[in-house]
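A look at the structure
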Amino acid sequence: MKRRKFDKAAVPGNVARGVDDRFQVATPLRRLLNKVFPDHWSFLLGEIALFSFVILLLTGVFLTFFYEPAMTEVVYNGSYAPLRGTPMSAAYASSLDISFDVRGGLIMRQMHHWSALLFMAAIVVHMLRVFFTGAFRKPRETNWIIGSLLFWVGFLAGFTGYSLPDDGLSGTGLRIASAIMLSIPVIGSWVTSSIFGGEFPGTIIISRFYIAHVLLVPGLLLALIGAHLGLVFKQKHTQWPGPGRTNGNVVGERMFPRYAIKQGGFFMVVFGVIALMGGLFQINPIWLFGPYEAWVVSAASQPDWYVMFLDGSTRLMPAWEINIPIGDGYVIPPLFWPTVVLPGILVGLSTLYPFLEARRLKDTRSHNLLQRPRDVPARTGLGAMAVTFFIVLTLSGANDVIADKFQISLNAMTWAGRIGLLVLPPLAYYVTYRICLGLQQHDREVLAHGVETGIIRRLPDGRFEEVHQPLAAADGHGDGHGALPYAGWVVPKKMNRLGALGPAIRGFFYPIEKPAEAPVSPGHPPVEPRPEREEIGSGESRR
Amino acid sequence: MTTHTEHQAQQGREPLDVNTPGLSQFDIVREGARRDDIEIVHYEPQVAPGSKAERRLTRTVASFFLLTGLAATAFLVVYIWWPWEYHAGSGGDKWYTPLLGVTLGVALLGIGFGILTWGKKLLPKEVSIQDRHEGAVASDDRIITGQTMLYMADELGVKRRPLLGISLLAGLAPVGAVAAAPLVGGLISQPHKNNQMFTTGFAPAEGGQKVRLVREDGRPVRPADVSTGGQITVFPGIDHGVSNLHADSPTLLIHLRDSDAQESRRANERVGHGDYMWGNYAAYSKICTHAGCPASLYEQQTNRLLCPCHQSQFLITDNARPIFGPASRRLPQLPIEVDSEGYFVAKSDYTETVGPDFWERP
């Protein structure tokens, strides 16, 4: 039998045919490859969160090989001389070993911690983006809820991880957490003793937190992230308004190759930045804090940044104890309000916001176009109010450090926080609202009268006036131009955004191209826009 | 608006036969996209093939990848051969983690920027428009699916035979609880076992033996050990008294100055703690009644004790009354005396609950 010649060029085709015969994937695969993604730099914020989570998983797996989740007492005998001979928990000893006696362990620990901080930060900034642009509106309310849940589950992941090394700082945090649970009316002592397996700290809390931190919480996070991305995929991204962009389409690039390649590159950049931070910037130097002992704490004991607002609310809370004189007497400690009730309200308000807004505006339509924050002053004001509230609380979480560094009375800092918490958010609302209205008005003004050119002309009768470059062509009414309608997108406000000044000069040390001859006199014929900015961009293609 | 009109012009057009000879690859790609309701309205290379700009960009991308190779090799070299074992002082091992970070970071950033430059600068730019099909499920389909589901429910016949449904619910609800019971039940722990919330290590032993106040290293404390105006942290002199097993027990033993001690004694008498002090010595729980941090910053001049976690401040000369911050309850006072051998002992356990507050605290 004659052997058939092997045809290399036909292999991919044959394999593809074989696969498709069995699984019928050609059409869905083409749909996937062709899916169109709109692009805007702010869409990367959510991706930073996703990429940090991947890095958290990678570095976390490394750490589990060396970490020992046990509170059995051991005597440290590792490389870090100052703690040698100290009795401590096995968890703390193994965390020290990861830092000093495992090759490359310290950088992994630090990368893990930095990416956790970045994960939470990216979630928050991404949420602000979604909030201020109205991307949470129908049909995306579910994803907004999942997103808020992701923040709180991430919070839980962070806190359980923070407690694992069992060092002086994390033990103090755990002690406060136990006090928070204790403060819950009626069931508090049962909750605490059930979670700690008896009185604080007991002997099992670390192993319980460990299984929560490496299995339960990451599993939950993975499931939520999967649902979050699945919904983004199904519902497609929102997009900014612009020429050709409607509520019913998506304008952008197909997923492959360029969009996907950009994502891959960006992942490596995030990874690289975290590696640099993990190597260069020390974080959570647990060997300086010592093992946790219930009677030791130092000044400037601060939690990670995303917990600081709760620490701040705890510090600002006045000592209001509620006594209930029934039987032996019951008590609701002041700790209950800032640490249980306040987060409860925050979760509820933020999660339900899309429904509250839709109800207030009686808005049942689907929205796929984003809104500029200035166009929705009430929502932008509310957002500014929330951010101010958060910042006052976070700063109050470090008010002892501020008091110390700036030589302010600590009690004055607390009072400033208490007053600031009540006064500043409404003020932020008012100021933001007015700024939004001002920006709106300026947009309308430019649309009606044109862009300021900076050219002052003297009229024959001696008056001076500034020449404006109109955005619209003459409309036949005799006096030049008509006002353009506002399209919900950036209004060009500088001459070079109109192409009138030629392209910006490129090159670092010297220009690599000659600046275009810029016509400056309004008497010149109309200026041709820059060719490469013709398609989807800013205002000029709306002419 | 050009893009939009062009897109609209494509609506309602005949599908292209992809088997037509002479079609370019891009024609087929565009046709595929059209079948997915995607219109590629703009597609152009950013650099002319073979141009100087293209060669320059290629070199840039290549050098990013080569940089990655160098940095990754450097990472491996550092990882293997750099002295990494910790030694006190300022040896080369202090550079180990920073060097790993720099080499790994540069390697990863090299790939990242290389890929980004490749994707952003070398690949053709495009603008595509995809329809969303918002609410595009035909209302017919909705009706059919809805009716199918309702029909299925009717088939089950629960509507006609309500007892089935009720008994099923009544039967299933406890089964759900059965699933949760082992986990919750296993975790539940009675908080009032051995009266643990209300006792500390200072509770006298079975024979009524009073518990000594000891230091961190277990040595008992004599009055002469604490200088005037000074304070030390003491623990119950029992097994594991110094460890976290008795996290509620750490106590601050303060030697007050004469005038402060008098003031303190008067304040004690007001609340019925007349005999809690011994001489000029007073002992207060170190565990903050607010959130349980050790309140350990003692200001000698004002006799204030500050908790560094939430800034509660207690005035020691007034029975450790909270005078600022979120704490609402005094630090409990430990009644102390000196035994026949001259060491401090606790007369009894704390007479108030130690540590953060909870619902049942009497």
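Now for a description of the structure that goes with this document.

Cut-offs used in this document
Residues numbered from 1 in each chain as written. Chains lettered and ligands numbered in written order. Predicted model: local features only at pLDDT ≥ 70, side-chain atom pairs only at ≥ 80, totals over all residues. Heavy atoms only, no water. Pairing = 2+ DSSP bridges. Helix = DSSP H or I, 4+ residues; strand = E, 2+ residues; numbered from the N terminus. Contact = heavy atoms within 4.5 Å. Axes fitted to C-alpha atoms, helices over the stretch in contact; angles between N-to-C directions. Buried < 20%, exposed > 50% of the residue type's maximum accessible area, 1.4 Å probe, protein only. Polar contact = N/O pair within 3.5 Å; in protein donor to acceptor, adjacent residues only side chain to side chain. Patch = residues over 30% accessible without salt bridge, like charges linked within 9 Å, V, L, I, M, F, W, Y side chains within 5 Å. Areas by Shrake-Rupley, 256 points an atom, 1.4 Å probe, with all protein chains shown as cover. Salt bridge = Lys/Arg side-chain N within 4 Å of Asp/Glu carboxyl O. Expected span 1.5 Å × (residues − 1). Parallel < 35°, antiparallel > 145°, perpendicular 65-115°, else oblique. Left-handed = near helix turned anticlockwise from the far one by under 90°. Nonpolar A, V, L, I, M, F, W, Y, C, P; charged D, E, K, R; others polar. Lys, Arg positive; Asp, Glu negative; His and termini not counted. Charge placed at Lys NZ, Arg CZ, Asp CG, Glu CD. Buried area = accessible area lost by both parts, 1.4 Å probe.

Read from one edge of the open sheet, 4 strands run β1(A)-β4(A)-β2(B)-β1(B), paired in antiparallel fashion. The sheet terminates laterally at β1 (36–37) of chain A together with β1 (38–44) of chain B, the two strands that pair on one side only. Of the pairings in the sheet, the one linking β1(B) to strand β2 (residues 125–131) of chain B comprises 6 bridges and is antiparallel in character. The residue bridging B:Glu44 from the neighbouring strand is B:Lys125, located in β2(B). Packed on one face of the sheet, helix α10 (residues 255–280) of chain A meets β1 and β4 (249–254) of chain A together with β2 of chain B and runs near 80 degrees to β4(A).

Moving on to the side chain of A:Thr160. Residues and elements named next belong to chain A. Within the secondary structure, Thr160 is located in helix α6 (residues 141–163). Assessed through its relative accessible area of 5%, Thr160 is described here as buried. Reaching out from Thr160, the side chain makes a polar contact with the backbone oxygen of Ala157 at a distance of 3.0 Å. The residues contacting Thr160, other than those within four sequence positions of it, are Phe209, Ala212 and His213.

Residues and elements named next belong to chain A. A grouping of Phe6, Val11, Val15, Val19, Phe23, Val25, Leu29, Leu32, Leu33, Phe233 and Phe256 is seen on the molecular surface, where their side chains present a nonpolar patch of about 950 Å² in accessible area. Contributions of two or more residues to the nonpolar patch are made by α1 (11–23) and α2 (26–34). With 4 residues, the single largest contributor to the nonpolar patch is α1. When its relative accessible area of 65% is taken as the criterion, Phe6 is described as exposed.

On to helix α3 (residues 52–81) of chain B. Residue and element names in this part refer to chain B. Its 30 residues place the ends of α3 43 Å apart at the C-alpha level, agreeing with the 44 Å of an ideal helix rising 1.5 Å per residue. The complete set of buried residues in α3 reads Leu57, Val61, Thr68, Ala71, Phe75 and Val78. Where the residues of α3 are buried, they touch α4 (96–122).

Residues and elements named next belong to chain A. Look at the link from Lys138 to Pro139: it is a cis peptide, with omega at 10 degrees. Relative to the assigned elements, Pro139 resides in the loop between α5 (105–132) and α6. Residue Pro257 is reached from Phe256 by a cis peptide bond, and omega for that bond is 0 degrees. Take Pro257: it is sitting in helix α10. Although it is not a glycine, Asp166 sits at a positive phi angle of roughly 60 degrees. Looking at Asp166, the relative accessible area reads 9%, which means it is buried.

The next thing to look at is the pairing of strand β5 (residues 251–255) of chain B. Residue and element names in this part refer to chain B. Here β5 lies mainly inside the structure; 5 of its 5 residues are buried. Residues Thr251, Leu253 and His255 of β5 are buried on one face, and the alternating residues Leu252 and Ile254, pointing to the opposite face, are buried as well. Summarising the sheet, strand β4 (residues 231–236) and β5 pair through 4 bridges and their orientation is antiparallel. Bridge pairing in β5 links Gln231 to Ile254. Taken together, the 5 bridges between β5 and strand β6 (residues 281–285) define a ladder with antiparallel strand orientation. Opposite Ile254, over in β6, you have Ala282 as the bridge partner.

So, about the packing of helix α12 (residues 305–316) of chain A against helix α13 (residues 336–361) of chain A. The relative placement of two packed helices comes down to the angle between their axes together with the axis-to-axis distance. All names here are of chain A. Running from N to C, α12 and α13 cross one another at 125 degrees; their axes reach a closest spacing of 9 Å. Accordingly, the angle class assigned to the pair α12 and α13 is oblique. Crossing geometry of α12 relative to α13 is assigned as right-handed. The residues of α13 that touch α12, namely those facing Phe309, Leu310, Ser313 and Thr314, are Pro338, Thr339, Leu342, Pro343 and Leu346. The residue inventory of the contact of α12 with α13, partitioned by class, reads 6 nonpolar, 3 polar and no charged.

Right, let's talk about a positive patch on the surface for a bit. All names here are of chain B. Together, Lys52, Arg55, Arg56, Arg59, Lys120, Lys121 and Lys125 give the surface a local cluster of positive charge. When contributions to the positive patch are tallied by element, the ones reaching two or more residues are α3 and α4. Of the residues forming the positive patch, the biggest block, 4 residues, is contributed by α3. Of note, Arg59 is situated in helix α3.

Turning our eyes to something else, we now look at the sheet that holds β6(B). Neighbouring strands of a sheet are bound in pairs by backbone hydrogen bonds; such pairs are parallel or else antiparallel. Pairing in this open sheet of 5 strands is antiparallel, and the strands run β3-β4-β5-β6-β11 (chain B) from one edge to the other. The open sheet has two edge strands, β3 (213–214) and β11 (333–334) of chain B, and neither has a second partner.

Bringing the pattern of salt bridges into the picture now. Oppositely charged side chains are able to pair whenever their charged atoms sit close together. Evaluated as defined, the whole model comprises 32 salt bridges over all chains. Here A:Arg31 and B:Asp36 are joined by a salt bridge, their closest N and O atoms 2.9 Å apart. Of this pair, A:Arg31 sits in helix α2 while B:Asp36 sits in the loop between α2 (25–35) and β1, placing the two residues on different chains. Relative accessible area serves as the criterion here: at 47%, A:Arg31 is assigned to the partly exposed category. When its relative accessible area of 7% is taken as the criterion, B:Asp36 is described as buried.

Counting residues at the interface gives 91 residues for chain B, matched by 106 residues for chain A. If you sort the residues of chain B by the area they bury against chain A, B:Tyr86, B:Arg132 and B:Trp359 come out on top, with a joint share of 12%. A:Arg254 serves as the salt-bridge partner of B:Glu126, at 2.8 Å between the closest nitrogen and oxygen. At the surface where chain B touches chain A, the tally comes to 30 residue pairs in polar contact (both at pLDDT 80 or more).

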